[in-house]
Structure formats: structure tokens, C-alpha cells
Amino acid sequence: MLVKHVTRVSRVPAMGRVMRSSVSQLPHISARGFCRPAMYKPTLPPVTRVRSFHAGRVLCEEAEEMKEDDTVVDEVDVLIVGGGPAGLSAAIKIKQLAGAKGEEIRVVILEKGAEVGNHILSGAVIQPTALDELIPDWKEKGAPLNQPALEDDMVFLTEKGSVPMPHPPQMNNKGNYIVSLSRVTAWLAEQAEEAGVEIYPGFAGAKLIWDEAADGTKRGVKGVVTNEIGLNKDRKPKDNYEPGMEFRAPITLFAEGAHGSLSLQAIKELKLREAVDADPQTYGIGIKEVWRVKPENHNAGLVSHTMGFPLSTDVYGGTFMYHMEDNLVTLGLVVGLDYENPYLSPYQEFQRMKHHPFFAKVLEGGECLAYGARALNEGGYQSIPKVHFPGGALIGCSAGFLNVPKIKGTHNAMKSGMLAAEAAMDALAKRSEEDPYAPIDIEAYKTKLDESWVMKELHEVRNIRPSFHGPLGFWGGLLYSGLETMILKGRVPWTLHHPKEDHAFTKPASLCQPISYPKPDGKLSFDILTSVSRTGTNHAEDQPVHLVVKDLDYKTHVERNVGTFDGPLGRVCPAAVYEYVPKEDANGEEDACGKKLVINSQNCIHCKTCSIKCPDQTITWTVPEGGGGPKYSLT
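The notes below deal with the structure included here.

Conventions used here
Residues numbered from 1 in each chain as written. Predicted model: local features only at pLDDT ≥ 70, side-chain atom pairs only at ≥ 80, totals over all residues. Heavy atoms only, no water. Buried < 20%, exposed > 50% of the residue type's maximum accessible area, 1.4 Å probe, protein only. Helix = DSSP H or I, 4+ residues; strand = E, 2+ residues; numbered from the N terminus. Arc of directions from axis to C-beta. Contact = heavy atoms within 4.5 Å. Phe/Tyr/Trp six-rings, centres within 6.5 Å; stacked < 30°, edge-to-face > 60°. Axes fitted to C-alpha atoms, helices over the stretch in contact; angles between N-to-C directions. Parallel < 35°, antiparallel > 145°, perpendicular 65-115°, else oblique. Nonpolar A, V, L, I, M, F, W, Y, C, P; charged D, E, K, R; others polar. Patch = residues over 30% accessible without salt bridge, like charges linked within 9 Å, V, L, I, M, F, W, Y side chains within 5 Å. Areas by Shrake-Rupley, 256 points an atom, 1.4 Å probe, with all protein chains shown as cover. Salt bridge = Lys/Arg side-chain N within 4 Å of Asp/Glu carboxyl O.

### Here's the deal with helix H11 (residues 473–488)
Inspection of H11 places Phe474, Gly476, Gly477, Tyr480, Ser481, Glu484 and Thr485 among the buried residues, and these make up the whole buried set. The arc enclosing the buried residues of H11, seen along the axis, measures out at 160 degrees, which places them on a common side. Seen from the buried face of H11, the exposed residues on the opposite side, beyond 90 degrees, are Leu479 and Ile487. Residues of H11 that are buried make contact with strand E13 (151–157), strand E24 (302–308) and helix H10 (453–460). Looking one or two places after H11, you find lysine 489, whose phi comes out positive at around 50 degrees.

### Some points on the packing of aromatic side chains
Aromatic ring pairs are reported here in terms of the distance separating the ring centres and the angle at which the planes meet. Taken as a whole and judged by the stated rule, the model has 13 aromatic pairs. Where tryptophan 291 meets phenylalanine 526, the ring centres are 6.0 Å apart and the plane angle is 40 degrees; that geometry is what we call tilted. Taken as a pair, tryptophan 291 in strand E23 (residues 283–292) and phenylalanine 526 in the loop between H11 and helix H12 (528–533) lie far apart in primary sequence, 235 residues in all. Here tryptophan 291 and phenylalanine 526 have matching classes, each one buried. Taken together, Phe156, Tyr316, Phe468, Phe474 and Trp475 form an aromatic cluster joined through their ring pairs.

### Quick look at the packing of helix H8 (residues 410–428) against H10
Where H8 meets H10, the closest approach of the two axes is 9 Å, and the angle between their N-to-C directions is 140 degrees. If you check the angle between H8 and H10, you find them oblique. On H10, the residues touching His411, Asn412 and Lys415 of H8 are Trp453, Val454, Glu457 and Leu458. Of the residues assigned to the contact of H8 with H10, the class counts are three nonpolar, two polar and two charged.

### Side note on helix H13 (residues 554–561)
Listing the buried residues of H13 in full gives Tyr554, His557, Val558 and Asn561. In an axial view of H13, the angular spread of the buried residues amounts to 95 degrees, which keeps them on one side of the axis. Of the surrounding secondary structure, the elements contacted by the buried residues of H13 are strand E30 (547–549), helix H14 (569–572), strand E31 (578–582), strand E32 (595–599) and strand E33 (619–621).

### A short note on a nonpolar patch on the surface
Side chains of Leu483, Met486 and Ile487 sit close together on the surface and give an oily, nonpolar patch of about 270 Å² of accessible area. Accessibility expressed as a relative area gives 55% for isoleucine 487, which makes it exposed.

What follows is the structure, given as C-alpha cells:
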């Protein structure tokens, strides 16, 4: 074993068992960017004076250069990828269980956002069931659940009017709270840190460390490698280059949210979907704004949902508008990504939506404060893959626990993390003393899930979303959904299915009608770059483009996506990342169809929609440098 003491490191946390070139006893960087002593005390000499802190990185004086081939390896008991509600709940639960047994279990969370909560976006009504179980005294601890849901409203929108609809029992929000989920997540991070969890913002998990058989067959996961820092656009090292860091653990919990890049790798390579004969996952894109409205237009505690306008009846989706405290209103549109017309723009549909009298009467005279967008799992019960494997497990939206009819998933995400924590603690108690970091399969996690209210809840509503795929279309799906939610409640001997992935529904442009959208007025509706500016999104300018075209074959991509589908990525992306420009306006790649693809990756708000909806599946979303992306706080 080669152990080298390095006194210059820019993003290495407190080390546990350290191999190869390493750093010892670095201070712990909290979710809020400040420093505190490390919970784990290694044996090597301490680093010299710490000078400054930013986004999970440490800069030290009296530094010597770290060689490009140096790799820091840290071994921990439980590694969690993603600092959202699921990952934080798992971490807190592990520490609670370990504390009750008098054991010291080292838990590390890697979070790609600059701060915990920066990348969290939600419809913002939370059911506190899981929180009540995890932290019963959350009110006394100051959890930011300040506005109870007091009134529910469900309507069908026509182009100019509205018609009241029956209110499904799943959408009864009595006892729930209207919140900023990014703030709730930041609060959970504080609770986790107080319990001794090590959280490292600005650390993006880029690759899996595979446990392989002698013949190269992938059997499981041994940990994660964070992405390299300091590469230029040509993927060559700059002066500040640092290699990725290896975090190895017997159990890695993947809590990346919907369409997480590492979760997708595990699902594909370990054939987790095939293992349980799961349906393809289907997604929606949720687009959201937060407004401060006039006091006379505000109705604190009102929760409104709509169907119909602005979407046509061949598109699944709906809207929401929630009245928070302090004259704040959050509103949004969810569009199912199984739509057929490549000319549809979810962003433009959202802007058009706000001019409907139902929304305009609330927003007029107000101020838009924030904007965001995120892909959502909509597949439900039948699209959940195998959730455990040697060395790891999928929790939260990485597995797909969103209850679509209920329009909630945070409580299920948190509970899944807590159940995985219980299974992990049981498994760690039995691990091998000879090789304590060998991959462990927490099979009990699935049993615990099946016996919990999470799977019962999802099973009850399993047929509602796929009913809209059926031959009866929108109205047939609406009628069937009403029957299921009001009367049958899932007590039927059949399970409807999602027939194919979302991109496969997209029709060639020649078979569809272009859609003309009105220009924004700058008061209720806005151009897309103005909206992106409200996300706080930023990426280091001179870094590799993290939106990768398959085989870097831009020409073939353009021929298919422009030639056949007339460039739908330019419309589905809610951040103006993709442009197909005339050849005289672009540089670099060979042109096709008179157009070239330009990727404005600095605009990316990490919604993942491009890699889901790209018709020929030639876009792969990979993690950019840690700390980049949106900076949500009100959403």
C-alpha cells in the first residue's frame, strides 16, 4: 500500500481508511459550506492551515502539487449518492439505529449541488407521514413546514373558463403542508449533520466501481468515483486539474432522483428491470414558478389542481397552484413525456397557461421570483425495477416511488430511505471481519418495502396512469381513473401496463401539425432565457460539455432529429440548451439538413428531459463538475 501525505487538496473530505496518495484529518465541509471537525479521526498527520471554503472544496496553504495520476480512495460503511429527502432520511435513520446500539457507523453523502437543496424541485405539498416517523419532534426542531393545506380545489379548464371536478380521495390534502422542498431538504441536512453524517456538496458521482467476476461479468457495485475537476472543453487537464476520488463501501444507496445517471447505469448493467419483469419507466416534465402576489389575490393554504387547458386531450398532464405563506404562490404544469407531437413545447404550454383567467386573476400585479423544471417518474408500481443488488440499492425516485394520482412522492421517498437504512444496519452487523468492505446485498430491503404503506399505496393506484395509454384515450382514461380512485381502489385482478418508453411515442414531424405559441408579454409570460436566469444556474464555462451525443456523431444526430422530427429537443428542453441553427451560424461539425446542433450546456438545469425524450436516444446526460447547475431555494 502506498500512502503519501499531501498538503494541497481542493475537494477531499475527512478520510477514513485511506489508500494510495491520500490526505488525512481534513475538516468536514457542511451542507452550508462551513467547516467543523471531522467525525472520523484517521491516523496520518493533519493537513496544514485551512484558508478558505467554497462549495465543498478546501484550499490549503503551503501546498505542493498533486500529480494527475494520484487517486484518493476512501472506504466508508454506507455511501449515499444524492442529498435529497430519500438520501438524507436514510442517513439520519442509520445514525439513529447505530446510536441506539452504541455503534459508530460512518455515513457519507455525495451531493452534486453546491449546497444541499440547490437541485431540489417539487410540487411542494408534502405529506408528513414519514417525517413524523423519522423526527417526531420536527416542529420543535424548526422544520420549515409553516403553511398547512387548508382547502382543496379541482377543476377542468376550457380555453377561457373552468368546470368543477369531483375531488379524488387521494388528493385530499388535509394534514399536509405547502412547503419549499429545497428548504425542507436543507433542514434535513442540518439534522443529518447533527447526527454525525458527513455531507459533501459539490461532489458529483460520475462512475460506478464495479464488482466483477473473473470473466468480467458485473456482479454488483463497490462504490463510486466522483468526476474529474479542471478539464477543459477538449477534456484535457487545466492547471487546477484533480482526478476523481473513489468512495468505496459495502453498501451504496442511490438517491439521485428521477433518471439519475448512476442509477441508470446500475439498472442497465445489472439488468434490474428484466429481473422483475418491470415495465419501461415513463416520465413527465414538471415546470414551476414561484410568485409573490398581491395580498388580495392570496388565499393561504389553498391547493388547486386542474386538467384540460392548455394541453390538448392527446397529451397527459395537469397543473397545480399552491398558496404558501407570505403571499407566495407556487404554480406549475406537468406534461407526460409520452406525447406524440414533436412540435409541442412544455415550456411554451406553461407560459400560455398563465394567461388563463384561473391563473391570471391570481398573478396579475405580482412578481415572478423563481423558475425551475425537473423530470418526474410516472411509471408507478409496475415500473419499479429490482431495488437491491450486491453492494447497492435504489431509494426514492431513483427507483420510482412517486404516486402520480396523489401528486406526491416525498413521503414515499423518505420512507424508502428509512427502510433501506434498517436493512443496511441489519446487514452490516453480519459483514465479514476479513473483508468488511465487500459488497453486501440488502435483500431485506425489498421485503420491508413490500410490507410497508409505500407499496400498498402505489399498488392501489397502479392502473390510473397507464389507463391513459389505452384505446379509449383521454376521456376513457379519465372515466376509468374516476372509477378506480372513487370505488375500486386497486382491488381488481388486472394490472395495466406502459407499452414502451416515452421517446418511442414521438411521431415524425410530417405526421403532425406545427403549434403556434403566442409571444410572451413580460408580465405573466416570459421568454425562456429570462426564466433560466431565475434558476441561478451556472457551470464553469471552460469544462467538457456534459450533454454527450452518442459516439460524438453530430451529423447523424441532426439528420435523424431534424430531418425526421424537426428538432424536438429545441422545444422539449425548458432551458434553451439545444439549438439547431443554420449552418452559416454554427462552427465545427459537419452539417446535415442545412442545420447544426449547438449545445448551450451552461444553461442546463439538470432536468434530464433531453435524454428521456430524444427520439433516437443519442443524448446521454452525464454529471458536470460538482457544484454546477441550478440554485433553487424557494422551489
